[in-house]
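# Coordinate analysis (summary)
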Amino acid sequence: MARAYASIILKAPVETVWSLVRDFNGLPNWTAVVKSKIENGLDSDVVGCVRSFHLANGAHVRERLLMLDDARHCFTYNFEKPAFPVKNYLATLRLYPVTHTDQTFAEWEATFDEAPGDEGKYVKIVSNDVFAANFKSLAALIARTKPATPAGAVRWKAWAPNKVWTSRVIKGPVDEVWTVMRDFAGMGGWHEEITKMQMLKRQRADKVGGIRDFYFGAGHLHEELLHLCDITRSFSYRITKCDIPWMNYVSGPRLWPVTADNSTFGVWTGDWVASPQDDLTLIPNTEQNVYQRAFATVERNYFGKKRKG
């Protein structure tokens, strides 16, 4: 099965970008589609509706909406009448907020089967001529019109997905950033307040179940590696020893490639149980002084000069 992919950082909040791309019949507003209509008079946010549209070259395409998610800012669709000679085409567009700059990370991917002899041909066409080209057009529209965030827009419908959900763009290639961050015992080398970090029992840093021992300022902690994934470029861990008044702390980062400029989009999440009064301090401190500082120092130490913020 082939996979096409493109991603970009858009200079607008996720609520604003979602209002532009959510309309399943809105392709003529920000892509090369000439005209579009939803068949059978259905609204464009009815799951199962089919959009029928024409490209500038006269080609006619039909696509069915299979999933629409206002909470996670994403939708999925397939081909009913293909634009290309491929089979089992399934595409998803997703948006994530870049909390550090209040911008948006957008990714678009599709999986499909190519005919024998066409291997890789339509991967490049869909990735570059469709997804990347349409993202470039969307970025230009945002820069030109400076659209406002819709009144009453809510970023996290049904509450945030984690107690702390924070993200940042790192100016370095994703595989190189992952090489740095993947080392579970390496954070002491690129976070100013973490010292004396080592794996207990001389275990490997990529051993799931291994425990790292370190000091964060004056505090002494142990953290157990819960998962490590080279496919999603992510890992998670839990605190097993700590002086801070919280319980069931689980956290971890994930990285995505930004294909538009070969940079990296990183998300770091954290969940725990603590008193509401303690959380008034714990939540902002963890977001800014642990997760965001970690991303910032990786960028500064390995990929260039420190940026403001």
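As the structure is a prediction and not an experimental result, all values here were calculated from the model. (Residues numbered from 1 in each chain as written. Predicted model: local features only at pLDDT ≥ 70, side-chain atom pairs only at ≥ 80, totals over all residues. Heavy atoms only, no water.)

## Some points on the sheet that holds strand S9 (residues 194-199)
Pairing within the open sheet is antiparallel, and its 7 strands lie in the order S8-S14-S13-S12-S11-S10-S9. Only two strands of the sheet have a single partner each, and these edge strands are strand S8 (164-170) and S9. Averaged over all neighbouring strand pairs, the angle between strand axes comes to 20°, with direction disregarded. Of the strand pairs in this sheet, strand S13 (residues 247-258) and strand S14 (residues 263-273) are connected by 10 bridges, and their pairing is antiparallel. Bridge pairing in S14 links Pro257 to Thr264. Contacting S8, strand S11 (219-229), strand S12 (234-241), S13 and S14, helix H3 (residues 174-181) crosses the sheet at an angle of about 155° to S13. Each of S8, strand S10 (211-216), S12, S13 and S14 touches helix H4 (residues 276-303); the most contacted strand, S8, lies at about 20° to it. (Pairing = 2+ DSSP bridges. Helix = DSSP H or I, 4+ residues; strand = E, 2+ residues; numbered from the N terminus. Axes fitted to C-alpha atoms, helices over the stretch in contact; angles between N-to-C directions. Contact = heavy atoms within 4.5 Å.)

## Section: the nonpolar core
Buried together is how nonpolar side chains tend to be arranged in soluble globular proteins. Ranked by internal contacts, the top residues of the largest apolar core, which has 39 residues, are Tyr89, Phe112 and Phe131. Of all the elements in the fold, those that place two or more residues in this core are strand S1 (2-10), helix H1 (14-21), strand S2 (33-38), strand S4 (60-69), strand S5 (74-81), strand S6 (86-98), strand S7 (103-114) and helix H2 (121-145). It is H2 that provides the largest number of residues to this core, a total of 7 residues. In this structure Phe112 touches Met1, Ala2, Ala4, Val86, Lys87, Asn88, Tyr89, Tyr122, Val123 and Val126, once residues within four positions along its chain are discounted. (Core = buried A, V, L, I, M, F, W, Y, C linked by side-chain atoms within 4.5 Å. Buried < 20%, exposed > 50% of the residue type's maximum accessible area, 1.4 Å probe, protein only.)

## What to know about the packing of aromatic side chains
Applying the stated criterion across every chain, the model contains 29 aromatic pairs. Between Trp108 and Phe131, the aromatic rings sit 4.6 Å apart at their centres with planes inclined by 10°, giving stacked as the arrangement. One end of the pair, Trp108, is in strand S7; the other, Phe131, is in helix H2, and 23 residues separate them in sequence. No difference in accessibility class separates Trp108 from Phe131, as the two residues are buried. A ring pair is formed by Trp256 and Phe265, whose centres lie 5.5 Å apart and whose planes are at 45°; its orientation type is tilted. The pair formed by Trp256 and Phe265 is uniform in burial state, with each residue classed as buried. Following the ring pairs from residue to residue traces out a cluster consisting of Trp18, Phe24, Phe75, Tyr77, Phe79, Tyr89 and Phe112. The cationic tip of Arg51 hangs over the ring face of Tyr77; the distance from NZ or CZ to the ring centre is 4.9 Å. The ring of Tyr237 carries the charged tip of Arg212 above its face, separated from the ring centre by 4.8 Å. (Phe/Tyr/Trp six-rings, centres within 6.5 Å; stacked < 30°, edge-to-face > 60°. Lys NZ or Arg CZ within 6 Å of the ring centre and 35° of its normal.)

## Examining the sheet that holds S2
Spatially, 7 strands are ordered S1-S7-S6-S5-S4-S3-S2 in an open sheet, and the strand pairing comes out antiparallel. This sheet does not close on itself; its edge strands, each paired only once, are S1 and S2. Averaged over all pairs of adjacent strands, the angle between strand axes in this sheet comes to 20°, irrespective of strand direction. Pairing between S4 and S5: 7 bridges, direction antiparallel. Note on S5: the bridge partner recorded for Leu65 is Tyr77. Together, S1, S4, S5, S6 and S7 form the strand contacts of H1, whose direction differs from that of S6 by roughly 150°. Most of the contacts of H2 go to S1, to which it runs at about 15°, and overall it touches S1, S5, S6 and S7.

So yeah, pure geometry; function would need other evidence.
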